Amino acid sequence: MIASVRRLTALCALGAALAACGTAGSPGPARPAHANPATSASPSASRPPTLTPGPGGLTPVFEHGPRTLGKTVALTFDADMTADQGPRAASGEHFDNPDLIGTLRLLKVPATVFMTGRWAEQYPAQARSLGHDPQFEVANHSYSHYAFTGDCYGLPTVGSAGMRKDVERAYASLRTAGVPDPLPYFRFPGGCYDRQALRALSATGVTAVQWDVVSGDAFATDADAVVQQVLDGVKPGSVVVMHCTRSAAPTTERVVRAVVPELRRQGYRFVKVSELIGETSGHR
């Protein structure tokens, strides 16, 4: 679905946000994981669908599901933590948001969490809890949360030679933390990508997952404004990007409490990203 590759311009400072999510749970036994995310690329009971590669084998990019197959919407949450933020976590800054995940569980809202490898290392019990909960699916958000292009919200950058390694390192960290089946989906830090980045990741077999609704929750202090932005943007098949951190997105739990019942009142059904991709023409 890549007629021409472009760099997505997000409407808020997503790349700068330190978003994280998870709740601690009882560790479960880790099941054997695939050696490469590409081995999970065909749809079946255990293998999620991915999109067919673009021209020349470029990594495909998914932004939203079909508009004509019913009122479905996917809430996605970025669990960001950059590779150099360990000292901030050690000094007491929280990159998780147990209240948000608890609310999603209480409201029975399925969701897709894009998790950095560094976050999984910081919160392994929480990563494991999400990875073993069938209500959630966990996907790759890079290891370092460094940008895959230049000039991406002030983030440090990963050189083209290190992009694939960064993604593979993230998968290794997720599995080490106890996420048994991280999905073959990847979200670029800050949403920033170009043809070089898509080419660098082509061998990993991932589908790059973007969004069509920017919630605006990063650094927001007005929950009502974020709620309105989400409600105004959602269409059938939408993918909403949100964050779940107590420090950089303090309104998100309140936003979810307001958005979920209203969208359900409008007839929307909440799904995971994998369901939307499975409904999209050109998947495999």
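Above this text you will find the structure in question.
Residue positions are given per chain, counting from 1 as you read along its sequence in written order. This being a predicted model, a pLDDT of at least 70 is required before a residue's local features are given, and a value of 80 or more before pairs of side-chain atoms are given or counted; all residues contribute to the totals for chains, interfaces and linings. Heavy atoms throughout the structure, all of them, feed into the side-chain values; hydrogens and water do not.

Aromatic pairing here means that ring centres of Phe, Tyr or Trp (its six-membered ring) are within 6.5 Å. Orientation follows from the plane angle: under 30 degrees is stacked, over 60 is edge-to-face, and everything else is tilted. Per the counting criterion, the structure on display carries 5 aromatic pairs. Seen from their ring centres, Phe-188 and Tyr-193 are 5.3 Å apart, and the 20° between their planes marks the pair as stacked. Each residue's exposure class comes from its accessible area (1.4 Å probe, protein chains only) as a fraction of the maximum for that residue type: buried when under 20%, exposed when over 50%, partly exposed otherwise. For Phe-188, a relative accessible area of 1% corresponds to the buried category. Members of the aromatic cluster, joined through ring pairs, are Phe-148, Phe-186, Phe-188 and Tyr-193. By definition, being over a ring means that NZ of Lys or CZ of Arg is both within 6 Å of the ring centre and within 35 degrees of the ring normal. Arg-169 extends its terminal NZ or CZ atom over the ring of Tyr-143, reaching a point 3.7 Å from the ring centre. Note that Arg-187 overlies the ring of Phe-114, its terminal NZ or CZ placed 4.2 Å from the centroid.

Take helix α2 (residues 98-107) next. Here a strand is any run of E in DSSP of at least two residues, a helix any run of H or I of at least four, and the numbering for each starts at the N terminus. Taken together, the buried positions of α2 are occupied by Leu-100, Ile-101, Thr-103 and Leu-104. Around the axis of α2, the buried residues are gathered within 155° of arc, so they sit on the same side. Opposite its buried face, α2 presents the exposed residues Asp-99 and Leu-106, each directed more than 90 degrees away. Only heavy atoms matter for contacts: two residues are in contact if any of them lie within 4.5 Å across the pair. Buried positions along α2 lie against β2 (72-79), β3 (111-115), α4 (124-131), β4 (136-140), β8 (238-243) and α8 (252-265). Of the residues one or two after α2, Lys-108 is the one with positive phi, at around 60°. What the arc covers is the set of directions going from the helix axis to the C-beta atoms.

With that out of the way, let us pick up the state of the cysteines. Here, two cysteine sulfur atoms that lie within 2.5 Å of each other are counted as a disulfide. Across all of its chains, the model carries 1 disulfide by this definition. Between Cys-152 and Cys-192 runs a disulfide, and the two sulfur atoms are separated by 2.1 Å. Residues Cys-152 and Cys-192 are joined by a disulfide whose S-S torsion is about 80°; by sign, that bridge is right-handed. Of the two residues, Cys-152 sits in the loop between β4 and α5 (163-177) while Cys-192 sits in the loop between β5 (185-186) and α6 (195-200), which places them 40 residues apart along the sequence. Take Cys-152 and Cys-192: they sit in the same class, and that class is buried.

Glancing now at the nonpolar core. Nonpolar side chains tend to gather and get buried jointly when the protein is soluble and globular. Counting residues in each nonpolar core, the largest one holds 41 residues, and the members touching the most others are Phe-77, Leu-104 and Met-115. Look past the residues within four positions of Met-115 in its chain and what remains in contact with it is Ala-79, Ala-120, Ala-127, Leu-130, Val-138, Ala-139, Asn-140, His-141, Ser-142 and Leu-174. We define the nonpolar core as a collection of buried residues of types Ala, Val, Leu, Ile, Met, Phe, Trp, Tyr and Cys that are connected through side-chain atoms lying within 4.5 Å of one another.

Our focus in this paragraph is the pairing of β8. Of all 6 residues making up β8, 6 are buried, and the element is well covered by its neighbours. Of the two faces of β8, both are covered, the one formed by Ser-238, Val-240 and Met-242 as well as the one formed by Val-239, Val-241 and His-243. Sheet analysis places β2 next to β8, joined by 6 bridges and oriented parallel. Looking across to β8, one finds that Asp-78 is bridged to His-243. When DSSP finds two or more bridges between two strands, those strands count as paired. Two strands pair when backbone bridges link them, and strand β7 (residues 213-214) and β8 are joined in this way by 2 bridges, in the parallel orientation. Note on β8: the bridge partner recorded for Val-213 is Val-240. Handedness of the β7-helix α7 (residues 223-233)-β8 crossover: right-handed. Orienting the strands away from the viewer, one traces the path from the first strand over the helix to the second; a clockwise path indicates a right-handed crossover.

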